[in-house]
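Overview (structure and organization)
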Amino acid sequence: MAGARMIAPSARLRPAATVLVLLAQLPLCWRLVEVARTQPYAGHIMLVPALAAALLWLECRDFSRTMPGRHQHLIGVALSAVSLVLSARGHEQQSLVLEALSAIAAVAGLGVWF
């Protein structure tokens, strides 16, 4: 098609990967709500992965400013893939720790990637 503008694959890949990574974190959110609701000493449990992810996001944003775009892209993709693997393993083993680590890796991966 004459005059049609081509969209780079990474322009479509980033939003799709973001949606996939965030959807993979939904079971963790439901489990954290359930644990916070049923265990009296775990009311703060939802804040732990959120705070760790926020701190890691800030560090990754500073880190991503110092590296070239290609390295930033590869590290972001790798962290997002690690997040998906940890999420799947955590869900399979019903391990809240692995699922929380997957959320932290997801935020770090998306932070570096964008």
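Note that this is a predicted model, so its numbers are computed, not measured.

1. Quick notes on unusual backbone geometry
Within the chain, Q94 stands out as a residue other than glycine whose phi angle is a positive 55 degrees. Its place among the elements puts Q94 in the loop between helix 4 (69-93) and helix 5 (96-113). What makes Q94 exposed here is its relative accessible area of 63%.

2. Let's talk about the side chain of Q25
Counting through the fold element by element, Q25 comes out in the loop between helix 1 (9-24) and helix 2 (26-38). A polar atom in the side chain of Q25 sits 3.3 Å from the backbone nitrogen of A103. Setting aside chain neighbours within four positions, we find Q25 in contact with S83, S87, E99, S102, A103 and A106.

3. Notes on the environment of H71
Inspection of the secondary structure assignment puts H71 in helix 4. Looking at H71, the relative accessible area reads 47%, which means it is partly exposed. As a C-alpha pair, H71 and V112 span 41 residues in sequence and 9.6 Å in three-dimensional space.

Conventions we followed
Residues numbered from 1 in each chain as written. Predicted model: local features only at pLDDT ≥ 70, side-chain atom pairs only at ≥ 80, totals over all residues. Heavy atoms only, no water. Helix = DSSP H or I, 4+ residues; strand = E, 2+ residues; numbered from the N terminus. Buried < 20%, exposed > 50% of the residue type's maximum accessible area, 1.4 Å probe, protein only. Polar contact = N/O pair within 3.5 Å; in protein donor to acceptor, adjacent residues only side chain to side chain. Contact = heavy atoms within 4.5 Å.

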